[in-house]
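Understanding the architecture of this molecule
Spelled out from the first residue to the last, the chains are:
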Amino acid sequence: MGHRLNGRTRWFRAWAAGFVLAAASLSCQGPSAPNEYIEPPPAHGAFDYQLGGAYEPPASTRTVVRDREARPAKGVYSVCYVNAFQAQPQELSWWRKRHDDLLLHDREGAEIVDQDWGEALLDISTSAKRSRLAAIVGEWIDSCAVDGFQAVEPDNLDSYTRSEGLLDRRDAAAFAELLADRAHASGLAVAQKNTAELTPQDKRIGFDFAVAEECGRHDECGVYEEAYGPHVLAVEYRAADFDATCKHWGHKLSVLLRDRDLRRADEHGYLYRACTAQRAE
């Protein structure tokens, strides 16, 4: 799973990640310690959400979000997407072979799966399991930093809502705090992804900004804006929702319209519109 690396590249990444973590441990005290060199994405800047595949960003783009398997976009603030709370379908066999006990199982032993995406949930129910998972996901976060990303977006914070009652918000918050610590130690800003109902607690966890899907459609943009100010990347997938969100929030937040499949610019059905609402001074 992850990048295919030659020996020299693997050695360099391990060395660089270890150097960053060692330096951070000397300068930071406690969880999510502030770091003057960590900055969230530019406020009020056009951005692009490229999880379906990397391509040249549209003109005037200031922030780009890409999957951890992709390279960061050149010349812009780059955010690294990591599926931190669930297992990617193509990686499920790896999890089963290496860490089956870190997949969430019901009382009959069946895996708990996010049916919308076919992703097995990770078991964050205990401190010991959260620590082991943080070590695995933490390596991905370190690689984001070594690759040149400035921030990380850990996805599926809300997976506990799909856990059939086996996980709760305290489990999610505790694991998220470990990931925020690791991101900050690697010099990365870290995003809250969706889950508006946890925003007051998420801010204490150590998140620096938010990536909010359809906050206009669900009337949640104000929750994120109250917590993170202008450092909110709001993605809408329906034109009417985008128009309304741009009108009401475009002067405060960065608002984008994308096709729901997040296609590349050279694919049929690709959709991209950046909000150009007058920014407030």
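Okay, so let's go over this structure. Since we're looking at a predicted model, the values are computed, not measured.

**Some words on the packing of aromatic side chains**
Within this structure, the stated rule accounts for four aromatic pairs. Considering the side-chain rings of Y55 and Y270, the 5.6 Å spacing of their centres and the 85 degrees angle between planes classify their relative orientation as edge-to-face. A residue pair is termed long-range when its members are at least 10 positions apart, and Y55 in the loop between β1 (47-50) and β2 (63-67) and Y270 in the loop between β11 (254-258) and β12 (272-274) qualify at 215 residues. According to the relative accessible area criterion, Y270 is partly exposed, its value standing at 25%. With 5.2 Å between their ring centres and 90 degrees between their planes, W94 and W95 make a pair best called edge-to-face. One aromatic cluster in this structure is built from W94, W95 and W140. Between the NZ or CZ atom of R68 and the centre of the ring of W140, over which it lies, the distance is 4.0 Å.

**A short note on the pairing of β11**
Most of β11 is tucked away, with five of its five residues classed as buried. Both faces of β11 are covered, namely the face carrying S254, L256 and R258 and the face carrying V255 and L257. Where strand β10 (residues 232-236) and β11 come together, four bridges link them in parallel fashion. Bridging from a neighbouring strand, V235 pairs with L256 of β11. Crossover handedness for the path β10 to helix α7 (residues 239-249) to β11: right-handed. Bridge count for β11 against β12 is three bridges, and the pairing is antiparallel. Residue L256 lies in a different strand from β12, and its bridge partner there is A274.

**Some thoughts on helix α4 (residues 169-185)**
Note: α-helices contain 3.6 residues per turn, so residues at a spacing of three or four share the same orientation. Taking 1.5 Å per residue as the helical rise, α4 with its 17 residues ought to reach 24 Å, and the 24 Å between its terminal C-alpha atoms agrees with that figure. Within the sequence span of α4, burial applies to D171, A172, A173, F175, A176, L179, A180, A183, H184 and A185. With its phi angle positive at about 85 degrees, G187 sits one or two positions after the end of α4.

**A look at the nonpolar core**
V82, F85, W95, V137 and F175 are the most contacted members of the largest nonpolar core, which has 54 residues in total. Setting aside residues up to four positions removed in sequence, F175 forms contacts with A84, F85, I124, R130, L133, A134 and V137.

**Things to note about the sheet that holds β11**
Paired through backbone hydrogen bonds, the strands of a sheet run either parallel or antiparallel to each other. With mixed pairing, nine strands are arranged side by side in an open sheet as β1-β2-β3-β7-β8-β9-β10-β11-β12. Because the sheet does not close on itself, it has two edges, and the strands there are β1 and β12. Put simply, the sheet's adjacent strands are angled 20 degrees from each other on average, direction ignored. Alignment of strand β9 (residues 209-213) against β10, held across four bridges, turns out to be parallel.

**A short note on the sheet that holds strand β5 (residues 113-114)**
Across the sheet, which stays open at both edges, the three strands sit in the order β4-β6-β5 with antiparallel pairing between neighbours. Each edge of the sheet is formed by a strand with only one pairing partner; in this case those strands are β4 (86-87) and β5. Pairing between β4 and strand β6 (residues 119-121): two bridges, direction antiparallel. Note that in β6 the partner of A87 across the bridge is A120.

The rules behind each value
- Residues numbered from 1 in each chain as written.
- Predicted model: local features only at pLDDT ≥ 70, side-chain atom pairs only at ≥ 80, totals over all residues.
- Heavy atoms only, no water.
- Phe/Tyr/Trp six-rings, centres within 6.5 Å; stacked < 30°, edge-to-face > 60°.
- Helix = DSSP H or I, 4+ residues; strand = E, 2+ residues; numbered from the N terminus.
- Buried < 20%, exposed > 50% of the residue type's maximum accessible area, 1.4 Å probe, protein only.
- Lys NZ or Arg CZ within 6 Å of the ring centre and 35° of its normal.
- Pairing = 2+ DSSP bridges.
- Right-handed = clockwise from strand over helix to strand, strands pointing away.
- Expected span 1.5 Å × (residues − 1).
- Core = buried A, V, L, I, M, F, W, Y, C linked by side-chain atoms within 4.5 Å.
- Contact = heavy atoms within 4.5 Å.
- Axes fitted to C-alpha atoms, helices over the stretch in contact; angles between N-to-C directions.

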